[in-house]
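Observations on the model geometry
Next come the chains, spelled out residue by residue.
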Amino acid sequence: MNLAALRQEYMRAGLSESDADRDPMRQFERWFEDALRAKLPLPNAMTLATVSRDGAPAARVVLLKGIERGGFVFYTNYRSRKARELEDRAQACLVFMWSDLERQVRVSGAVGKVDAADSDAYFLTRPLGARLSAWASAQSEPVASRTVLENAMAEVKARHGDSPPRPPHWGGYRLTPVEIEFWQGRADRLHDPLLYRRAGGAWQIERLAP
């Protein structure tokens, strides 16, 4: 296996300051629509990076479930490792990777819980199995075997049937960005990274060296 030989030339498009929207949320929606039109698998998949109380980083892939009120919304178990780290340090970073379009987006900012009513509304849209497993699985905790997990699922199904309520320990977070970087691959590694940084009530755009 020769990992050093794995390379790709980026030739699809560029990203100029004149073409970019002055509002990064609108620019994100534009690129997200491009990803949808390209029929990319899981275009809403994003890496969520957090930091523990003692400074140890962790990352995992979660799904974007809303762009609203100036932020990026995702849902999870409030007792999970990511949730505990967000409780200690309410800041995080998201990264979207759309390799077929030769694009990345990095978003960093403060994270807070969404309203309980919003979590309730989203929970009702989830498939029944996903709603039941939100009760059955103690996310991020050790489990003796898959049999233990399946037994917990069966017990939850017997208790709640087809109408499980949202667990109080499950809900949404909203990351409100202070920085958003849009990265477009270009030939010869002279890529186009544009960084939006919030300054007061406005956004400033600057080009970064690739």
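Relevant structure appears above.
A brief structural summary. (Residues numbered from 1 in each chain as written. Predicted model: local features only at pLDDT ≥ 70, side-chain atom pairs only at ≥ 80, totals over all residues. Heavy atoms only, no water.)

We now examine a nonpolar patch on the surface. On the surface, Val143, Val148 and Leu149 cluster together into a nonpolar patch covering about 220 Å² of accessible area. Residue position: Val148 is located in helix H5 (residues 146–160). (Patch = residues over 30% accessible without salt bridge, like charges linked within 9 Å, V, L, I, M, F, W, Y side chains within 5 Å. Areas by Shrake-Rupley, 256 points an atom, 1.4 Å probe, with all protein chains shown as cover. Salt bridge = Lys/Arg side-chain N within 4 Å of Asp/Glu carboxyl O. Helix = DSSP H or I, 4+ residues; strand = E, 2+ residues; numbered from the N terminus.)

Our focus in this paragraph is the pairing of strand E2 (residues 57–63). Burial along E2 is one-sided: Ala58, Arg60 and Val62 are buried, while Pro57, Ala59, Val61 and Leu63, pointing the other way, are not. Here strand E1 (residues 45–51) pairs with E2 via seven bridges, running antiparallel. If you follow Thr50 over to E2, its bridge partner there is Ala58. Linking E1 to E2, which pair antiparallel, is a turn of five residues; within it Gly55 sits at a positive phi near 90 degrees. (Buried < 20%, exposed > 50% of the residue type's maximum accessible area, 1.4 Å probe, protein only. Pairing = 2+ DSSP bridges.)

The next point concerns the layout of surface pockets. Counted as a void, the largest pocket has a volume near 300 Å³. If you trace the largest pocket, you find 15 residues lining it, with Tyr75, Thr76, Arg126, Gln139 and Trp170 closest to the centre. Breaking the lining of the largest pocket down by element, the ones donating at least two residues are E2, strand E4 (71–77) and helix H4 (128–136). Residues that form the lining of the largest pocket fall into these classes: seven nonpolar, five polar and three charged. (1 Å grid on protein atoms, 1.4 Å probe; cavity = no way out; pocket = protein on both sides within 12 Å on 5 of 7 lines; lining within 4 Å. Points joined across faces, edges and corners; volume = space filled by probe spheres on them. Nonpolar A, V, L, I, M, F, W, Y, C, P; charged D, E, K, R; others polar.)

Its location among the elements puts Val178 in strand E7 (residues 170–184). As a C-alpha pair, Val178 and Leu149 span 29 residues in sequence and 39 Å in three-dimensional space. Those residues in contact with Val178 that sit more than four places away from it in its chain are Ser108, Gly109, Tyr196, Arg197, Arg198 and Trp203. (Contact = heavy atoms within 4.5 Å.)

A word on the packing of aromatic side chains. Under the criterion given, the structure shown has 15 aromatic pairs. Taking the centre distance of 6.3 Å and the plane angle of 45 degrees together, the rings of Phe72 and Phe96 count as tilted. Taken together, the residues span a long stretch of sequence, with Phe72 in strand E4 and Phe96 in strand E5 (residues 91–98) at a distance of 24 residues. What makes Phe72 buried here is its relative accessible area of 0%. Arranged with centres 5.7 Å apart and planes meeting at 40 degrees, the rings of Phe96 and Trp98 form a pair that is tilted. Assigned by exposure class, Phe96 and Trp98 land together as buried. Sitting over the ring of Tyr78, Lys113 keeps its end group 4.1 Å from the ring centre. Above the face of the Trp135 ring, Arg159 is positioned so that its terminal group lies 6.0 Å from the ring centre. (Phe/Tyr/Trp six-rings, centres within 6.5 Å; stacked < 30°, edge-to-face > 60°. Lys NZ or Arg CZ within 6 Å of the ring centre and 35° of its normal.)

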